[in-house]
Amino acid sequence: MLYVSLIAAFVASILLTPLVKRLAFRIGAVDAPNYRKVHAKIMPRLGGLAIFLAFLIGVAMLYPYLINALPRLKISEYGLIAIIIGATIIVATGVVDDMREISAKAKMLGQLIAALIVIFVGGIQIEFINLPFFGELDFGFLSIPLTILWIVGITNAINLIDGLDGLAAGVSSIALITLAGMAIIMNNMFVLAIAAILAVATIGFLFYNFHPAKIFMGDTGALFLGFMISVLALLGFKNVTVISFIIPVIMLGVPISDTFFAIIRRVRMKKKWSDPDKSHLHHRLLDMGFTHRQTVLIIYGIAMMFGLAAIIFSMAKLWGAILLVAVILTAIEIFVEVIGLAGKNYKPLLNFVRIFNK
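Residues numbered from 1 in each chain as written. Predicted model: local features only at pLDDT ≥ 70, side-chain atom pairs only at ≥ 80, totals over all residues. Heavy atoms only, no water.

## Some remarks on the overall build of the protein
Okay, step 1: When helices and strands are tallied, the protein shows 15 helices and four strands.
Okay, step 2: Put simply, 73% of the contacts in the protein that link residues at least 6 apart link residues at least 24 apart.
Okay, step 3: Split by element, the accessible area of the protein, about 16,500 Å² in all, is 71% carbon and sulfur. (Helix = DSSP H or I, 4+ residues; strand = E, 2+ residues; numbered from the N terminus. Contact = heavy atoms within 4.5 Å. Areas by Shrake-Rupley, 256 points an atom, 1.4 Å probe, with all protein chains shown as cover.)

Here you go:
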């Protein structure tokens, strides 16, 4: 039955995207070029609606199976309904933003409402982790704030990398495929089914979104994918060891690191953390001379390496996992300093190496 729902979601995405494209032009959900954009003409940007509708079709076909799989996750029987309601609120927020460009506060409100529904209706939250050598760490009253921070943070991280044709859709697809693979390893059939359905719906949309794009996913798609990935990561890795909790962080290495260094960059330049700029990962690669398509494919490759690292990490012993994290963090830092992701003058590690070699 899963295969049938996957085919249905994939075909629905391919068929719905052209219809959504027409709707976007009709309701004014278009993206005009400016100094921060790389496209040179007005583009429709409601594509995420096609992904969402295709996802709903796939989920509807598998609904009884998904409901039966919920008890194994030890969450509320309303978990799936809460996820769908939260996703609907996120999509509605994105649609309004794609049409009218609402304020950051208004978008944040929609994300908070969606997160609270997932937490209080679905019972999905980070409650505790098991620390090596120290036993269980119960988050207590911090459980809800930490869960909200995770959901909102990942939701916006996906949105921030949505700067080139096919970039956010491709990176999200890679993250979802990795999630599905991890779900197979952990025998988590609910996360496997949801992640797989969403992945094929996104890949179907990617046929229209890869460079040169015919339609953008807009905030409708970027916020929806970020929200779903954040929730699925919680469902796959909640209440586990701290080592396992690092897995989704590694898996989402591209959007998380890009967001993290964007904040560092803006703090160093004394700007608001929410101020837009043209120094994200894809901007830096373009400035280095890579073409639009090459830049997207390079970031796909980086995302795949993070996904593979997450799978290897899940199978490693404690000290092996610690060593892998150290290698990953060092590699990220070197890469960031080389391309100037945190600012052209931000090179502490490279400067230390130069001083040490003198």
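More follows now that the structure is in view.
## A look at the nonpolar core
Okay, step 1: Ranked by size, the top nonpolar core spans 103 residues in total, and within it Leu176, Phe190, Ile194, Phe224, Phe227, Met228 and Leu235 carry the most contacts.
Okay, step 2: It is helix H8 (residues 189-209) that provides the largest number of residues to this core, a total of 14 residues.
Okay, step 3: The residues touching Phe227, leaving out its near neighbours within four places in the chain, are Ile83, Gly86, Ala87, Ile90, Ala114, Ala115, Val118, Ile151 and Thr155. (Core = buried A, V, L, I, M, F, W, Y, C linked by side-chain atoms within 4.5 Å. Buried < 20%, exposed > 50% of the residue type's maximum accessible area, 1.4 Å probe, protein only.)

## A closer look at a nonpolar patch on the surface
Okay, step 1: On the surface, Tyr63, Tyr78, Ile81, Ile85, Leu116, Phe120 and Val121 cluster together to form a nonpolar patch covering roughly 620 Å² of accessible area.
Okay, step 2: Counting residues per element, the ones that place at least two in the nonpolar patch are helix H4 (79-100) and helix H5 (104-120).
Okay, step 3: Mapped onto the secondary structure, Tyr78 falls in the loop between helix H3 (63-69) and H4. (Patch = residues over 30% accessible without salt bridge, like charges linked within 9 Å, V, L, I, M, F, W, Y side chains within 5 Å. Salt bridge = Lys/Arg side-chain N within 4 Å of Asp/Glu carboxyl O.)

## Focus: the pattern of salt bridges
Proximity of charged atoms lets side chains of opposite charge pair with each other.
Okay, step 1: Taken as a whole, this structure holds five salt bridges when the rule is applied.
Okay, step 2: Among the ionic pairs, Arg45 bridges to Asp98, the shortest N-O distance being 4.0 Å. Taken as a pair, Arg45 in the loop between strand S2 (43-44) and helix H2 (48-61) and Asp98 in helix H4 lie far apart in primary sequence, 53 residues in all. This pair shows no difference in class: Arg45 is buried, exactly as Asp98 is.
Okay, step 3: For Glu101, the salt bridge identified is with Arg45, shortest N-O distance 3.2 Å. One end of the pair, Glu101, is in the loop between H4 and H5; the other, Arg45, is in the loop between S2 and H2, and 56 residues separate them in sequence.
Okay, step 4: Here Glu101 falls in the exposed class, since its relative accessible area comes to 56%.
Okay, step 5: Connected via shared salt-bridge partners are Arg45, Asp98 and Glu101.

## Some remarks on the confidence of the model for the protein
Okay, step 1: Mean pLDDT over the protein: 83, with 86% of residues reaching 70 or higher.
Okay, step 2: Highest mean pLDDT in the protein belongs to H2 (95); lowest belongs to strand S3 (residues 128-131) (60). (pLDDT = per-residue confidence, 0-100.)

## Things to note about unusual backbone geometry
Okay, step 1: Following His211, the chain continues to Pro212 via a peptide bond in cis, the omega torsion being -5°.
Okay, step 2: Within the fold, Pro212 resides in the loop between H8 and helix H9 (218-237).
Okay, step 3: One non-glycine residue, Glu101, lies in positive phi territory at about 55°.
Okay, step 4: One non-glycine residue, Asn187, lies in positive phi territory at about 55°.
Okay, step 5: Relative to the assigned elements, Asn187 resides in the loop between helix H7 (167-185) and H8.
Okay, step 6: Looking at Asn187, the relative accessible area reads 41%, which means it is partly exposed.

## Quick notes on the environment of Val231
Okay, step 1: Tracing the backbone shows Val231 in helix H9.
Okay, step 2: Judged by relative accessible area, which is 1%, Val231 ranks as buried.
Okay, step 3: Spatially, the C-alpha atoms of Val231 and Val191 are 9.6 Å apart, while their sequence positions differ by 40 residues.
Okay, step 4: Residues within four places of Val231 in sequence aside, it is in contact with Ile83, Val118, Ile124 and Ile151.

## Here we look at the side chain of Asp258
Okay, step 1: Summarising the element assignment, Asp258 is placed in helix H11 (residues 253-268).
Okay, step 2: At 3.2 Å, the side chain of Asp258 and the backbone nitrogen of Leu281 are in polar contact.
Okay, step 3: In this structure Asp258 touches Ile161, His280, Leu281 and Leu341, once residues within four positions along its chain are discounted. (Polar contact = N/O pair within 3.5 Å; in protein donor to acceptor, adjacent residues only side chain to side chain.)

## Remarks on the environment of Met251
Okay, step 1: Summarising the element assignment, Met251 is placed in helix H10 (residues 242-251).
Okay, step 2: Overall, Met251 belongs to the buried group, its relative accessible area being 5%.
Okay, step 3: It is 9.5 Å that separates the C-alpha atoms of Met251 and Ala233, two residues lying 18 residues apart in sequence.
Okay, step 4: Leave out the neighbours within four places in its chain, and Met251 touches Ala175, Thr178, Leu179, Phe306 and Ala310.

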